[in-house]
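Structural features, examined
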Amino acid sequence: MMEIKQAKFIKSSSVLAECPKSNLPEYVFTGRSNVGKSSLINMIVNRNELARTSSNPGKTITINHYLINDNWYLVDLPGYGYAKRSKEQRQKWEKALEEFVKYRDLLQVVFVLIDSRIPPQKNDIDFINSLAEWGIPSAVIFTKTDKLSQSASSKNIEVFKQELLKYWEELPMLFHTSALKKRGREDLLNFIDECNQKFISKE
Ligand code: GTP
Ligand code: MG
């Protein structure tokens, strides 16, 4: 498995134009507020407080770049649907999010995080569908699988898959994770490593 030797916070940006200039492959974690993006980043890189976590939804309101092993970026990107923001703020952010995923050249995969405890949400499905329509590679990460019994979370995940299959013939890559129990780390790092190898061979 890829070893994480170094993880450095580089920059917070509010729009694409402010993001770091880079020629390295990049992976984004996004999803609804409070789904566990920052916790998962910390679990992946094995640092407790690299990305700030909070039980207060909406804490992360910027595009946060973390440089890993000096050769790839992990990006903590706030998702959609923050109830506590005004409609105008939400629309502004959703535009920034769309611009980032469409035009960030070195973006390899957008990981959409989904809370394994809840039934499929319309804004998650809409976002996954939009990524596919825009031709952006995506993968789904189910989070917080420790919070339910294995059978209950598997059931929710199955319902989610069936929902996606209403729109698509093939499912994206799916990962089952728990930041608390450190579940899914190896699968995710192996997948990112494979994508990095493909990136290098294309250069
Ligand atoms: P925003 O930045 O506000 O959008 O949230 P986020 O998606 O970054 O979520 P964050 O990582 O801050 O986690 C939100 C809450 O869920 C925190 O209270 C975490 O401790 C909790 N949490 C995150 N991942 C897990 C998990 O795998 N298991 C459990 N039990 N709790 C988790
Ligand atoms: Mg966060």
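Another point: the overall build of the protein. When its secondary structure is counted, the protein shows five helices and seven strands. Seen in sequence order, the protein has helices and strands lined up from the N terminus as β-β-α-β-β-α-β-α-β-α-β-α. Since a compact globule built from 203 residues should have a radius of gyration of about 17 Å, the 16 Å found for the protein is in line with a globular shape. Seen along its three principal axes, the alpha-carbon backbone of the protein occupies a region of about 40 × 40 × 35 Å.

Glancing now at the nonpolar core. In this structure, Phe29, Trp72, Leu74 and Phe111 are the most contacted members of the largest nonpolar core, which totals 28 residues. If you list the elements that add at least two residues to this core, you get strand S2 (26-31), helix H1 (37-45), strand S3 (63-68), strand S4 (72-76), strand S5 (107-115), strand S6 (138-143) and helix H5 (185-202). When neighbours within four sequence positions are excluded, Phe111 is seen to be in contact with Tyr27, Val28, Phe29, Thr30, Ala139, Ile141, Phe175, Leu188, Phe191 and Ile192.

Turning our eyes to something else, we now look at the packing of aromatic side chains. Centre-to-centre distance and the angle between the planes together describe a pair of aromatic rings. Considering all chains together, one arrives at seven aromatic pairs under this definition. Measuring from centroid to centroid gives 5.9 Å for Phe111 and Phe191, while their planes differ by 80°, and the two rings are edge-to-face. Of the two residues, Phe111 sits in strand S5 while Phe191 sits in helix H5, which places them 80 residues apart along the sequence. For the pair Phe111 and Phe191, a shared accessibility class is recorded, and that class is buried. One aromatic cluster is present, formed by Phe29, Phe111, Phe175 and Phe191 through successive ring pairs.

With that settled, the discussion passes to helix H3 (residues 122-133). The end-to-end C-alpha distance of H3 is 16 Å, a good match for the 16 Å that twelve residues give at a rise of 1.5 Å each. For H3, every residue scored as buried is listed here: Asp124, Ile125, Phe127, Ile128, Asn129 and Leu131. Buried residues along H3 sit in contact with S2, helix H2 (87-103), S5, S6 and helix H4 (150-165). Where H3 ends, the next residue or the one after it, Gly135, has phi of about 75°, a positive value.

On to the environment of Leu40, then. Tracing the chain through its elements places Leu40 in helix H1. Exposure remark for Leu40: the relative accessible area of 1% places this residue in the buried category. Leu40 sits 148 residues away from Leu188 along the chain, and the two C-alpha atoms are 10 Å apart. Leave out the neighbours within four places in its chain, and Leu40 touches Phe29, Leu113, Ile141, Thr177, Ala179 and Leu188.

A separate point is the side chain of Asn64. In this structure, Asn64 sits in strand S3. The exposure class of Asn64 is buried, given its relative accessible area of 6%. Within the structure, the side chain of Asn64 is placed 2.4 Å from the side chain of Ser12, a separation counted as a polar contact. Once you skip the residues sitting within four places of it in the chain, Asn64 turns out to touch Phe9, Lys11, Ser12, Leu74, Val75 and Asp76.

About the criteria used
- Residues numbered from 1 in each chain as written.
- Chains lettered and ligands numbered in written order.
- Predicted model: local features only at pLDDT ≥ 70, side-chain atom pairs only at ≥ 80, totals over all residues.
- Heavy atoms only, no water.
- Helix = DSSP H or I, 4+ residues; strand = E, 2+ residues; numbered from the N terminus.
- Rg over C-alpha atoms; globule rule 2.2 N^0.38 Å.
- Core = buried A, V, L, I, M, F, W, Y, C linked by side-chain atoms within 4.5 Å.
- Buried < 20%, exposed > 50% of the residue type's maximum accessible area, 1.4 Å probe, protein only.
- Contact = heavy atoms within 4.5 Å.
- Phe/Tyr/Trp six-rings, centres within 6.5 Å; stacked < 30°, edge-to-face > 60°.
- Expected span 1.5 Å × (residues − 1).
- Polar contact = N/O pair within 3.5 Å; in protein donor to acceptor, adjacent residues only side chain to side chain.

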